[in-house]
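Structural description and commentary
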Amino acid sequence: MNPDRDAVHDRYATAARRALAGENTGLLAGEGDAERLGAVHYAGAELPVEVTATSLGCGNPLAVAELKPGETVLDLGSGGGLDVLLSARRVGPGGRAIGLDMTDDMLTLARRNAEQAGVTNAEFLKGTIEQIPLPDASVDVVISNCVIALSSDKPAVFGEIARVLRPGGRLGITDILADDSLTDAERAARAGAVECLGGALTADRYRTLLHDAGLSGVDVQLTHETGDKLHSAIIRATKPVRVVAMTDNHADQVLAIYQAGLDTGQASFETTAPAWEAWDAAHLPEHRLVALDPAGRVIGWAAASAVSSRCVYAGVVEHSVYVDPAAQGRGVGQALLAALIDSTEDAGIWTIQSGVFPENTASRELHRRAGFREIGVRERVGQHHGVWRDVVMIERRSSRVGS
Ligand SMILES: C[S@@+](CC[C@H](N)C(=O)[O-])C[C@H]1O[C@@H](n2cnc3c(N)ncnc32)[C@H](O)[C@@H]1O
């Protein structure tokens, strides 16, 4: 029994039953509500108006979640299911779009909306956001629209988000936040949790709780006013990837990921990964890193080699970074590069350099984001499978070492 949660449940069960009967949900009837909340955020969405009319959100989390085909997305407190239906279209048949809600009538409404919208790859689960009925590390993206403010146990919600996200997975939600100026007395005077306000966090408290749950890159942006001393906000965060020092025990997995990269034909002039002894001899022992999934499996690696034995180049290394194809697009490469930069800078290295095939746009973008610059293109510098290839020379000059 949780009286706050029961009150929230009853309120949304009534709203869902009204929507199922073809009536207005009755929850957004206040002055100006229609301009700030609900369907207004879905102008242009390719869904029937009867479906968008059931929105009880305070923004559109899909505008920030940047979903990709094949991803698994989870919507916390999915209500009429609008965001799940739109997600299902973006992740496509190879992905999963899951809505979670504790209110049976809302789940019925969401399934009816899915049918009306002709969406077949959306799933709706019953459960609470404080105890998500999904396995660890099973979700790429968590979204939510105007729900977390209603929870009476937010640390539990954020802990569950961190648990179900895969390393490198991300959170992109909209929620109602309280302004710093909202006093305890004003908070108490409002109607409590069911009005969103009683439980609305301030931006600072939101950041702290997400950090405490182990999420990183937390970004909170207020978007529009939704009531007196209340704002709608977009909140983003990422589940960090675990990066540790590489050991000989990782050798087989490191070489398998290397080979998978070489097989793409876009990673290197090499075509076959060497034996471990040769790889080991070619790389500096102190700058070898692996990214691990929660089960301890290697999902990527980064390493560096000396470029010259001349002492003038003692602070210059050439690097490699490879990510398991199954773990790409989740921030693994970014985490590895960040760790390699730290490791090399701590050792007094001022330049990391490498070459990238021009066609490898993902690698070029990854390096650009990590502070690398493209120096120029070496044209037709070597043959790969009998074809002359260009190479883009990239480098990152440290701002804290050797300046
Ligand atoms: C304000 S509505 C938002 C619905 C939907 N996200 C939208 O944008 O239309 C809140 C929804 O969250 C659900 N909900 C509230 N607290 C919940 C909890 N602790 N666990 C699971 N669902 C919850 C309610 O049943 C309701 O459907």
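Predicted model only: the values in this text are computed from it and were never measured. Sequence order as written defines the numbering, with residues in each chain counted from 1. In keeping with the predicted nature of the model, local features appear solely for residues at pLDDT of at least 70, side-chain atom pairs appear and are counted solely at 80 or more, and the whole-chain, interface and lining totals rest on all residues. Water and hydrogen atoms play no part in the side-chain values, which are based on all heavy atoms of the structure.

A word on the overall build of the chain
Summing up its helical and strand segments, the chain has 13 helices and 14 strands in all. Judged by the C-alpha coordinates and their principal axes, the chain covers about 75 × 45 × 35 Å. By residue count, 51% of the 403 residues in the chain fall in the buried class. The criterion used for residue contact is that any of the two residues' heavy atoms lie within 4.5 Å. Looking at the chain alone, contacts between residues at least 24 apart form 68% of all its contacts between residues at least 6 apart. Surface summary for the chain: the accessible area is close to 18,400 Å², and the carbon and sulfur share equals 49%. Positive: Lys, Arg. Negative: Asp, Glu. His and the chain ends are not part of the count. One atom stands in for each charge, and that atom is NZ of Lys, CZ of Arg, CG of Asp or CD of Glu. Seen as two clouds, the 38 positive and the 53 negative side-chain charges of the chain have centres 3 Å apart. Helix and strand assignments follow DSSP, with helices taken as H or I runs no shorter than four residues and strands as E runs no shorter than two, numbered in order from the N terminus. When a residue's accessible area, from a 1.4 Å probe over protein chains only, is under 20% of the maximum for its type it is buried; when over 50% it is exposed; and in between it is partly exposed. Reported accessibility uses the Shrake-Rupley method at a 1.4 Å probe radius. Residues are deemed covered only where the shown protein chains occlude them.

Looking at unusual backbone geometry
The backbone phi angle of C146 is positive, close to 65 degrees, even though this residue is not glycine. Relative to the helices and strands, C146 is located in the loop between β4 (139–145) and α7 (154–164). Residue C146 is classed as buried on the basis of its relative accessible area, which comes to 9%. The phi angle at H385 is positive, at roughly 50 degrees, despite the residue not being glycine. Along the chain, H385 falls in the loop between β13 (373–384) and β14 (387–397). Taking relative accessible area as the criterion, H385 reaches 63% and is therefore assigned exposed.

Quick look at the nonpolar core
Only buried Ala, Val, Leu, Ile, Met, Phe, Trp, Tyr and Cys residues count toward a nonpolar core, and they belong to the same one when joined by side-chain atoms within 4.5 Å. In this structure, L74, L76, V142, I161 and Y206 are the most contacted members of the largest nonpolar core, which totals 31 residues. For this core, the elements supplying multiple residues, two or more each, are β1 (72–76), β2 (96–101), β4, α7, β5 (165–178), α9 (203–212), β6 (216–227) and β7 (230–238). Here this core takes 5 residues from α7, the largest share from any one element. Setting aside its immediate chain neighbours within four residues, L74 contacts I98, L100, I132, L134, V139, V141, V142, I143 and V164. Counting 25 residues, the second largest nonpolar core, distinct from the first, contains V241, L337, L340 and I341.

Details of a nonpolar patch on the surface
Each patch is built from residues lacking any salt bridge and having more than 30% relative accessible area; the joining distance is 9 Å for like charges and 5 Å for nonpolar side chains (Val, Leu, Ile, Met, Phe, Trp, Tyr). In the sections that follow, a salt bridge refers to a side-chain nitrogen of Lys or Arg positioned within 4 Å of a carboxyl oxygen of Asp or Glu. Together, V307, V312 and Y313 make up a nonpolar patch on the protein surface, roughly 240 Å² of accessible area in all. Tracing the backbone shows V312 in the loop between β10 (298–306) and β11 (316–323).

Here's the deal with helix α1 (residues 3–20)
A helix's residues, less one, multiplied by 1.5 Å, set its expected span. With 18 residues, α1 should reach 26 Å at 1.5 Å per residue; the first-to-last C-alpha distance of 26 Å fits that figure. Of the positions making up α1, those classed as buried are V8, Y12, A13, A15, A16 and A19. Around the axis of α1, the buried residues are gathered within 170 degrees of arc, so they sit on the same side. Contact partners of the buried residues in α1: α6 (104–117). The positive-phi residue at the C-terminal boundary of α1 is G22, with phi of around 85 degrees. As used here, the arc belongs to the directions running from the helix axis to the C-beta atoms.

Topic: the UniProt feature "domain: N-acetyltransferase" (unreviewed entry) in the chain
Feature annotation in UniProt places "domain: N-acetyltransferase" (unreviewed entry) on residues 241–398, given in this structure's numbering. Along residues 241–398 one finds 28% helix and 35% strand; the C-alpha atoms at either end are 23 Å apart. UniProt positions are given in the numbering used here, feature names are shortened, and annotations may be inferred rather than shown by experiment.

A few points about the site of the ligand
Every one of the 21 residues lining the ligand counts as a neighbour, but L56, G77, D101, T103 and E130 are closest to it. N or O atoms within 3.5 Å of each other form a polar contact, as long as, within protein, one can give a hydrogen and the other can take it, and as long as residues adjacent in sequence are counted only when both atoms are side-chain atoms. Take T103: an N or O atom from its side chain is 2.7 Å from an oxygen atom of the ligand. Take E130: an N or O atom from its side chain is 3.0 Å from a nitrogen atom of the ligand. Taken by itself the ligand offers 600 Å² of open surface, and the protein chains cover 98% of this. One heavy atom within 4 Å of a molecule or strand makes the whole residue count as near it.

Focus on the packing of aromatic side chains
Each pair of aromatic rings is reported with the distance of its centres and the angle of its planes. Stacked, tilted and edge-to-face pairs are distinguished by plane angle, under 30 degrees for stacked and over 60 for edge-to-face with tilted covering the rest, among Phe, Tyr and Trp rings (Trp via its six-membered ring) whose centres lie within 6.5 Å. Enumeration over the complete set of coordinates arrives at 7 aromatic pairs. When the ring of W301 is compared with that of Y322, the centres are 5.0 Å apart and the planes differ by 20 degrees; the resulting orientation is stacked. In this pair, W301 sits in strand β10 while Y322 sits in strand β11, placing the two residues 21 residues apart along the sequence. Grouping residues by exposure puts W301 and Y322 together as buried. Each member of the aromatic cluster is reached from another via a ring pair, and the members are Y258, W276, W279, W301 and Y322. For a ring to carry a charge above it, either NZ of a lysine or CZ of an arginine must fall within 6 Å of the ring centroid while also lying within 35 degrees of the normal to the ring plane. Across the ring face of F357, the terminal group of R389 is positioned such that the distance to the ring centre comes to 3.8 Å.

Focus on the side chain of S305
Here S305 lies in strand β10. Apart from the residues within four sequence positions on either side, S305 is in contact with A282, H283, L284, V317 and E318.

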